[in-house]
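Coordinate analysis (summary)
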Amino acid sequence: MSERISVAIEMAQGWRYSSGDAMARFSEGLRRKRIEALQCGGCRRRYLPPRPVCGNCHLPLSDWVPVSDKGTLEAWTVVFLPFLDARTGEVRDGPYGMGLIRLDGSDATLNHYLAENDPARLAVGMRVRAVWREELRGAMDDILHFEILP
Ligand SMILES: [Zn+2]
């Protein structure tokens, strides 16, 4: 009978991918604190993050509409365990809040971090706003997190 040996190997691996035209424009907007959705000419649904084709009508989307950086918390959770942040590649220590936020003017929700991490202070329907990074880079993490509006 052979003995199994497990060897841990760490690898640093970087990659780049093409964002596509819609995400390229969206990212450029973020660099100017401008959030834009793509609206379907058929069903009028506004997609955020933008996507090139409507999921309902299958029509190509090209009508850009600005949306607010304020919105409504549609769902939330608090994560208590450290987790690998896919946006940065760094481990994010818990606890931290995550939310699905429907920005004013959008029909879709964004998944993003919340400044609040106390479950007793979070509720569906709360009004929130984006807190922007000081140096904008044209990336989703130009929005550091969303904070609860008073
Ligand atoms: Zn549509």
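Notes on the structure in this doc start here. Predicted model only: the values in this text are computed from it and were never measured.

1. Focus on the coordination of the zinc ion
Each protein donor to the zinc ion is listed here as Cys 40 (SG), Cys 43 (SG), Cys 54 (SG) and Cys 57 (SG); together their distances run 2.3 to 2.4 Å. Coordination at the zinc ion is tetrahedral: its four donor atoms span angles of 103 to 116° at the metal. For the zinc ion, the single-chain donor residues occur in sequence as C-x2-C-x10-C-x2-C. In this pair, Cys 40 sits in the loop between strand 1 (35-39) and strand 2 (46-47) while Cys 57 sits in the loop between strand 2 and strand 3 (63-67), placing the two residues 17 residues apart along the sequence. Classification of Cys 40 as buried rests on a relative accessible area of 0%.

2. Structural notes on the pattern of salt bridges
A full pass over the atoms with the stated rule returns eleven salt bridges. Between Glu 36 and Arg 25 there is a salt bridge, with its nearest N and O atoms 2.9 Å apart. Of the two residues, Glu 36 sits in strand 1 while Arg 25 sits in helix 1 (residues 20-30), which places them eleven residues apart along the sequence. Of the residues examined, Glu 36 reaches a relative accessible area of 3% and is grouped as buried.

3. Description of the nonpolar core
Counting residues in hydrophobic clusters, the biggest one holds 19 residues, and the most contacted among them are Ile 35, Leu 48, Ile 101, Leu 103 and Phe 146. When contributions to this core are tallied by element, the ones reaching two or more residues are helix 1, strand 1, strand 3, strand 4 (70-79), strand 7 (96-103), strand 8 (110-114), strand 9 (127-132) and strand 10 (143-148). If you tally residues by element for this core, the top one is strand 9, at three residues. Setting aside residues up to four positions removed in sequence, Leu 103 forms contacts with Ile 35, Leu 48, Val 67, Ser 68, Asp 69, Lys 70, Gly 71, Leu 110 and Phe 146.

4. Details of the sheet that holds strand 2
Spatially, the three strands line up as an open sheet ordered 2-1-3, and their pairing is antiparallel. Two strands in the sheet have a free side with no partner beyond their single neighbour: strand 2 and strand 3. Bridge count for strand 1 against strand 3 is five bridges, and the pairing is antiparallel. If you follow Ile 35 over to strand 3, its bridge partner there is Val 67.

5. Focus on the side chain of Glu 36
Looking at Glu 36, its side chain comes within polar contact range of the side chain of Arg 25, at 2.9 Å. For Glu 36, the side chain forms a polar contact with the side chain of Arg 34, separated by 3.2 Å. Those residues in contact with Glu 36 that lie beyond four places of it in its chain are Arg 25, Phe 26, Leu 48, Pro 50, Trp 64, Val 65 and Pro 66.

6. Notes on the packing of aromatic side chains
Applying the stated criterion across every chain, the model contains one aromatic pair. Relative to Tyr 113, the ring of Tyr 96 has its centre 5.6 Å away and its plane inclined at 70°; by these criteria the two rings are edge-to-face. On the criterion of sequence distance, the pair formed by Tyr 96 in strand 7 and Tyr 113 in strand 8 is long-range, its members being 17 residues apart. Taking the relative accessible area as the measure of exposure, Tyr 96 reaches 8% and is therefore buried. Relative accessible area serves as the criterion here: at 8%, Tyr 113 is assigned to the buried category. Directly above the aromatic system of Tyr 96 lies the positively charged group of Arg 92, at a separation of 5.4 Å from the ring centroid. Taking NZ or CZ as reference, Arg 92 lies 3.4 Å from the ring centre of Tyr 113, over its face.

Rules used throughout
All residue numbers here refer to positions counted from 1 along the written sequence of the relevant chain. For a predicted model such as this one, the threshold for reporting local features is a pLDDT of at least 70, and the threshold for listing and counting side-chain atom pairs is 80 or more; totals across whole chains, interfaces and linings nevertheless cover every residue. The side-chain figures draw on all heavy atoms in the structure; neither hydrogens nor water molecules are used. Each metal's donors are the N, O and S atoms found within 2.8 Å of it, except that Na, K and Ca use a 3.2 Å limit; water is left out, so coordination can look incomplete. Between 85 and 135 degrees for all angles marks four donors as tetrahedral; over 155 degrees for opposite donors together with 65 to 115 for all other angles marks four donors as square planar and six as octahedral; every other arrangement is irregular. Put simply, DSSP marks the helices as runs of H or I at least four residues long and the strands as runs of E at least two long, and each gets a number from the N terminus on. Here's how the labels work: a residue is buried when its accessible area is under 20% of the maximum for its type, exposed when over 50%, partly exposed in between, all with a 1.4 Å probe on protein chains only. Just to be clear on terms, a salt bridge is a Lys or Arg side-chain nitrogen sitting within 4 Å of an Asp or Glu carboxyl oxygen. Buried residues of nine kinds, namely Ala, Val, Leu, Ile, Met, Phe, Trp, Tyr and Cys, make up a nonpolar core once their side-chain atoms join them within 4.5 Å. Any two residues having at least one pair of non-hydrogen atoms within 4.5 Å are treated as being in contact. Each pair of strands is called paired provided DSSP finds at least two bridges between the two strands. Under this definition, polar contacts are N or O atom pairs within 3.5 Å; protein pairs additionally need one hydrogen-donor-capable and one acceptor-capable atom, and for neighbouring residues in sequence, both atoms have to be side-chain atoms. Put simply, two rings from Phe, Tyr or Trp (the six-membered ring, in Trp's case) pair if the centres are within 6.5 Å, and we call them stacked under 30 degrees between planes, edge-to-face over 60, tilted for the rest. Should the NZ of a Lys or the CZ of an Arg lie within 6 Å of a ring centre and within 35 degrees of the ring normal, that charge is described as sitting over the ring.

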